[in-house]
Amino acid sequence: MSAAATAQAPFMGWQAWARPGITAAAAVIILATLWLSAPTFFRPNNLLNILVQASTLAVLASGMAVVMIGGGIDLSIPFSAALSAVLGAMYMRATGDAMGGLLIMLFSGLAIGVCNGVAVGYLRMIPFVVTLAMMTITNGAAVWLTNSISIADIPPAFVDPFTGRYLGLLPLPVLISVAVVAVASVFMSRTVYGLWLYAVGTNVKASEVARVPFPRVVMASYMAAGLAAGIGAVMLTGRLASASSNLASASMVLDVISACVIGGISIQGGVGQIWKAALGAVFITLLNNALNAAEVSLYVNQMIRGGVIIAFVALDRVAPKA
């Protein structure tokens, strides 16, 4: 082993444990503070509600993680979910067809992902610009369709499954999120497209030399993100029994990205695991609830969450790719 490699090895070993160690320490501090200041926070129903809140974020973060591993980013995911929810809810209100509404939400999110994938994969447009524009389009469309009014009158056949408990304890959103994370993890680790996506995120030119079909691979990543947005739309609509343009916000975009970065998904691409992004979603939800329990103002809350993501991005930048 060369001297350079020997010198680098301790640093890389430290880096491998730094991120999960810092995240675990932060979670312990948050939980200890809550135990002292708000012991009612640990009631089983409240903890279950936190899991339900984290479930939608985990699904959206899974879609974002797939794109980020490929070296891209999708700022439109929460807004795609909101528009998909609005379209499905409008259809269900007019027809009462729960299954049709569900399919509309899924295919709407998938269609938006296809548009992003064509622009980034085939036209080689900048992901940040494309998805920022798509974020604006989808948000504007949702507001225009609803006039900023919530759509209620969702059929009971759609809402009722989200009010029950399954396997003796867990609500449907939690089970959906576990299934999505599991499928996405298998897609990334056990399929050729997943392995190609890691290669593209690590080095685009080298992957093209190795004959990785860049346009198709990038298209698949944005389609996965769009499908995650559609699933998120179903979960939000079912849990809230309504849909509106207010389902998405800039703060939600920050939460999705934060979940990925805290979970170890590299901003630079090529590194990360889906299930860790889901754990990042649980951490972000826990942090939000802790700040609310401490009666921290909305603006200070946003400042803290912004600081958290900057800290983890800085850790990502100084650490070499293993």
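This is a predicted model, so every value here is computed, not measured.

Caption draft 1: How the structure looks around helix α7 (residues 172-190). Taking 1.5 Å as the rise per residue, α7 with 19 residues should run 27 Å; its terminal C-alpha atoms sit 26 Å apart, in good agreement. Residues of α7 that are buried sit in contact with α2 (44-69), β1 (165-166), β2 (170-171), α8 (192-202), α10 (214-240) and α12 (274-293).

Caption draft 2: Inspection of the side chain of S244 at higher detail. Structurally, the position occupied by S244 is in the loop between α10 and α11 (250-262). With a relative accessible area of 10%, S244 lands in the buried category. Those residues in contact with S244, other than ones at most four positions away along the chain, are A82, V86, I149 and S150.

Caption draft 3: View of the environment of C260. Note that C260 resides in helix α11. When its relative accessible area of 0% is taken as the criterion, C260 is described as buried. For the pair C260 and V66, spaced 194 residues apart in the sequence, the C-alpha separation amounts to 9.7 Å. Excluding residues within four positions of it along the chain, C260 makes contact with A61, M64, A65, M68, I265 and A277.

Caption draft 4: Looking closely at unusual backbone geometry. Phi at S148 takes a positive value of approximately 60°, unusual for a residue other than glycine. Summarising the element assignment, S148 is placed in the loop between α5 (127-146) and α6 (156-159). For D153, which is not glycine, the phi dihedral falls at a positive 55°.

Caption draft 5: Spatial organisation of the packing of α2 against α7. The geometry of α2 relative to α7 is characterised by a closest axis approach of 8 Å and an angle of 15° between their N-to-C directions. One finds that α2 runs roughly parallel with respect to α7. Crossing handedness for the pair α2 and α7: left-handed. From α2, L51, V52, S55, V59, S62, V66 and I69 reach across to α7, where they touch P173, V174, S177, V180, V181, F187 and M188. Split by residue class, the contact of α2 with α7 holds 11 nonpolar, 3 polar and no charged.

Caption draft 6: The arrangement of the pattern of salt bridges in detail. Within this structure, the stated rule accounts for 2 salt bridges. Among the salt bridges present, the one from E208 reaches R124, with a minimum N-O distance of 2.8 Å. Of this pair, E208 sits in helix α9 (residues 204-209) while R124 sits in the loop between α4 (98-122) and α5, and the two are 84 residues apart along the sequence. Assessed through its relative accessible area of 32%, E208 is described here as partly exposed. With a relative accessible area of 47%, R124 lands in the partly exposed category. Put simply, D255 and R305 hold a salt bridge, and the shortest N to O gap is 2.6 Å. Highlighted residues: D255 in helix α11 and R305 in helix α13 (residues 298-318), separated in sequence by 50 residues. Across this residue pair, the class does not change: D255 and R305 are buried.

Caption draft 7: Representation of a nonpolar patch on the surface. Among the surface-exposed residues, V114, V118, Y122, L123 and M125 lie close enough to one another that they form a single nonpolar patch of about 420 Å² accessible area. Looking at where Y122 falls in the secondary structure, it is placed in helix α4.

Caption draft 8: Examining the packing of α7 against α12 more closely. One way to put it is that α7 packs onto α12 with a least axis distance of 8 Å and a crossing angle of 145°. Here V181, A184, S185 and M188 of α7 lie close against α12, whose contacting residues are I274, W275 and A278. Classifying every residue of the contact of α7 with α12 gives 6 nonpolar, 1 polar and no charged.

Caption draft 9: Spatial organisation of α12. Relative to the 28 Å expected for 20 residues at 1.5 Å per residue, α12 spans 29 Å between its end C-alpha atoms, a close match to the ideal helical length. Taken across its 20 residues, α12 has 14 buried, putting it largely inside the fold. Phi turns positive, to about 60°, at E295, one or two residues after α12.

The rules we used
- Residues numbered from 1 in each chain as written.
- Predicted model: local features only at pLDDT ≥ 70, side-chain atom pairs only at ≥ 80, totals over all residues.
- Heavy atoms only, no water.
- Helix = DSSP H or I, 4+ residues; strand = E, 2+ residues; numbered from the N terminus.
- Expected span 1.5 Å × (residues − 1).
- Contact = heavy atoms within 4.5 Å.
- Buried < 20%, exposed > 50% of the residue type's maximum accessible area, 1.4 Å probe, protein only.
- Axes fitted to C-alpha atoms, helices over the stretch in contact; angles between N-to-C directions.
- Parallel < 35°, antiparallel > 145°, perpendicular 65-115°, else oblique.
- Left-handed = near helix turned anticlockwise from the far one by under 90°.
- Nonpolar A, V, L, I, M, F, W, Y, C, P; charged D, E, K, R; others polar.
- Salt bridge = Lys/Arg side-chain N within 4 Å of Asp/Glu carboxyl O.
- Patch = residues over 30% accessible without salt bridge, like charges linked within 9 Å, V, L, I, M, F, W, Y side chains within 5 Å.
- Areas by Shrake-Rupley, 256 points an atom, 1.4 Å probe, with all protein chains shown as cover.

So yeah, pure geometry; function would need other evidence.
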